[in-house]
Amino acid sequence: MSVLVLVLGVSAACCLGFGFVLQQNAARRAPLRDFLSPRLLLDLVRVPRWLGGTGLMVAGMALGAVALGRGEVSLVEPLLATNLLFALALSRRQTRRPLGRQGWAGLTLLAGGVTAFLVAGEPRGGDAVTDPLRHWLVIGVMLGLAVLLATCARRIRLSWGPVLLALAAGLLYGVQDALTRVSGRLFSAGGLPELLTGWQPYAVVALGVTCLVLVQSAFEAAPLHMSLPALTAAQPLAGIACGVGFLGDRLRTDTGALVGEVCGLAAVVTGVVLLGLHPAMPRRTWGTGPARDLQRR
C-alpha cells in the first residue's frame, strides 16, 4: 500500500466525518416539508454551520478523488469508511460521553476489519473491463437499488426512511467514487479535452447533487445514529463491487484470502453499526415545538 494513498484516504475520511456531523447539526433544524426536495439545500445554504460542514465534505471528496487517482477503488473505499471514527470523535466532544466497551469494540472491529480486508485481499490494479454491457449492468444494479430504497423511504420517512435514504446514498457514493477514478484515467490519457467529452465527469456531478439531497434529507428526518452507519457501510461495498466489476481491480481469490476478505468486510460493517449506535452520537432531533410536530403529522 502506498503511504501517500493511506494518508490521503484517512485525511479524506477525517474531513468527511467532521463534515457529516456539522451538516446533521444544521439539517435537523430544517422543516420536514423539504424532505427529499431540492428546497432543502436552499434552506440549508443560509446556515453557516451547514456551509462549514459542506466545505469539509467537499475537501474530503477532493482528497478522496486524489487517493482514487493513485490507488484502486478496492483499496481506498475501506479507508474512507473510517470517517465514522472521526464523526464519533467530534460527537464525543459535543456530548462528553466516554467511549466505553461499545465504542472500543466498534473502533477495534472497524480498524481491524479494514486491515484484515487489505491484508487478505491485497487490492491491486488491472486492465479495466472494456465490455460496456458489464459497466452498465453493475452501475444499473446500484442505481436501481438506490431508486427502490429512496422510493420506500418516501413512504416511511419518519421510521426507517432515514436508514433507507442513507443506504441509497451510500450505493450512489460508491458508484460516484468508481466514476471519479474513470474520470481521472480519462484526464491522464488525454487531458481536459478527453475528460470533457466523456459522460463520466457529468455523472459524477449529478450523483454528487443527488447524494447531497438524499443525505441531508436523512439527516433532517432523524438523529445521526440512524443514518450515518448505513451510509458508511454501503459506500465501500458498492465501491468495491464497481472496482472489481468493471474497473479491473483485482483481489486474491484463494480460499484463505476470500475468508479473510469476507471476515474483514463483516467486521467493518459490524464496527460501523456499533459506533453509529454509540450514545455519543447525537440522538435528539431539534424542534419540539408545535410547528415541527405539525410537520411530522
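Rules of the game
- Counting from 1, residues in each chain are numbered in the order their sequence is written.
- Since the coordinates come from a predicted model, pLDDT governs what is reported: local features require at least 70, and pairs of side-chain atoms require 80 or more to be given and counted, while whole-chain, interface and lining totals use all residues.
- Remark: hydrogens and water are excluded; side-chain values derive from all non-hydrogen atoms of the structure.
- The predictor rates its confidence in each residue with pLDDT, a number between 0 and 100.
- Throughout, a residue-residue contact means that at least one pair of heavy atoms, one from each residue, lies within 4.5 Å.
- Helix numbers and strand numbers start at the N terminus; a helix is a DSSP run of H or I with at least 4 residues, a strand a run of E with at least 2.
- For the exposure calls, accessible area comes from a 1.4 Å probe over protein chains only, and a residue counts as buried if that area is under 20% of its type's maximum, exposed if over 50%, partly exposed in between.
- By the counting scheme adopted, Arg and Lys are positive, Glu and Asp are negative, and His together with the chain ends is not counted.
- Any Lys or Arg side-chain nitrogen located within 4 Å of an Asp or Glu carboxyl oxygen qualifies as a salt bridge.
- Definition of nonpolar core: a set of buried residues of the types Ala, Val, Leu, Ile, Met, Phe, Trp, Tyr and Cys, connected through side-chain atoms within 4.5 Å.
- Working definition: a ring pair exists when centres of Phe, Tyr or Trp rings (six-membered ring for Trp) sit within 6.5 Å. Plane angles under 30 degrees give stacked, over 60 give edge-to-face, the rest tilted.

(A) Inspection of the confidence of the model for the protein chain at higher detail. Averaged over every residue, the pLDDT of the protein chain is 83; the share at 70 or more is 93%. Between residues 284-297, whose pLDDT stays under 50, and residues either more than four places distant or in other chains, the model counts 25 contacts.

(B) Focus on unusual backbone geometry. At Glu122, a position not held by glycine, the phi torsion is positive, near 45°. Here Glu122 lies in the loop between helix H6 (100-121) and helix H7 (132-155). Exposure remark for Glu122: the relative accessible area of 43% places this residue in the partly exposed category.

(C) Spatial organisation of the side chain of Arg181. Within the secondary structure, Arg181 sits in helix H8 (residues 161-196). Glu72 provides the closest opposite charge to the buried, salt-bridge-free Arg181, at an N-O distance of 4.3 Å.

(D) Just the environment of Ala128, in detail. Mapped onto the elements of the fold, Ala128 is located in the loop between H6 and H7. Along the chain, Ala128 and Gly248 lie 120 residues apart, while their C-alpha atoms are 4.2 Å from each other. Setting aside anything within four residues of it in sequence, one finds Ala128 in contact with Arg185, Phe246, Leu247 and Gly248.

(E) Structural context of the nonpolar core. Counting residues in hydrophobic clusters, the biggest one holds 81 residues, and the most contacted among them are Leu165, Leu214, Leu231 and Phe246. No other element matches the 13 residues that H8 contributes to this core. If near-sequence neighbours (up to four positions away) are discounted, Phe246 is found in contact with Ala128, Val129, His135, Val138, Ile139, Ala178 and Val182.

(F) Up close: the packing of aromatic side chains. The full count for this structure, using the stated rule, is three aromatic pairs. Look at Phe20 and Phe219: their rings are 6.1 Å apart centre to centre, the planes differ by 75°, and that puts the pair in the edge-to-face class. In this pair, Phe20 sits in helix H1 (residues 3-27) while Phe219 sits in helix H9 (residues 200-221), placing the two residues 199 residues apart along the sequence. Taking 4.9 Å as the distance between ring centres and 25° as the angle between the ring planes, the aromatic pair formed by Trp136 and Trp199 counts as stacked. In this pair, Trp136 sits in helix H7 while Trp199 sits in the loop between H8 and H9, placing the two residues 63 residues apart along the sequence. Residue classification places Trp199 among the partly exposed positions, given a relative accessible area of 38%.

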